[in-house]
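Residues per chain, in single letters:
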Amino acid sequence: MPKILVVDDEAHIRELVRLYLEDEGLDVVEKSNGADALDYVENHRVDLVILDIMMPKLDGWVLYKKLRELEDMPILMITAKGETGDRIKGFKLGTDDYLVKPFDPVGLVLRVKALLKRFRIAASNVIKLGDISLDRKSYQVVI
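Source: prediction; values computed, not measured.

A. Quick look at helix α3 (residues 60-70). Residues of α3 that are buried: Gly 60, Trp 61, Leu 63, Tyr 64 and Leu 67. End-on view of α3: buried residues confined to an arc of 160°, all on one side of the axis. Buried residues belonging to α3 abut β1 (3-7), α2 (34-43), β3 (48-51), β4 (75-79) and α4 (84-93). Capping the start of α3, Asp 59 holds a side-chain oxygen 3.0 Å from the backbone nitrogen of Trp 61, two or three residues further along.

B. Up close: the sheet that holds strand β5 (residues 97-100). Overall, parallel pairing links the five strands, which are arranged β2-β1-β3-β4-β5 in an open sheet. The strands lining the two open edges of the sheet, one partner per strand, are β2 (27-31) and β5. On average, each strand axis in the sheet is inclined to that of its neighbour by 20°, with strand direction left out of account. Of the strand pairs in this sheet, β1 and β2 are connected by five bridges, and their pairing is parallel. Each residue of the ladder has a partner; that of Leu 5, found in β2, is Val 29. The strands touched by α4 are β4 and β5; relative to β5, the strand with the most contacts, the crossing angle is about 155°.

So, how was this worked out
- Residues numbered from 1 in each chain as written.
- Predicted model: local features only at pLDDT ≥ 70, side-chain atom pairs only at ≥ 80, totals over all residues.
- Heavy atoms only, no water.
- Buried < 20%, exposed > 50% of the residue type's maximum accessible area, 1.4 Å probe, protein only.
- Helix = DSSP H or I, 4+ residues; strand = E, 2+ residues; numbered from the N terminus.
- Arc of directions from axis to C-beta.
- Contact = heavy atoms within 4.5 Å.
- Polar contact = N/O pair within 3.5 Å; in protein donor to acceptor, adjacent residues only side chain to side chain.
- Pairing = 2+ DSSP bridges.
- Axes fitted to C-alpha atoms, helices over the stretch in contact; angles between N-to-C directions.

Quick look at the structure:
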């Protein structure tokens, strides 16, 4: 199952994103600042990062550059900075997608799925919990 890292200093935004992505069978890790997020990525596998720009300790622009130095993974920026200049800066840096707050959570899920597909990261329909497998497509539970 793909692991998504959500980095935002606003707890309610992280929770909203987590709930919608977990509902789609994705594994979500939350971090409240750029420094903690960078530390996590340096020590764990992450398939996609959703990050805010305005954060404490390490802002999204700096975190983005450091993540790109580590590995090539899809990065989706979500931010209140919706001015054209900020969008241009994000895309010139190389972000894979840019979403302005407030955003539609369903639209976010669609963007995440498209990025995973584009990067060929398979979102599994089978969720494994120990010896139990849940098939989300056929609604079967196998022990």
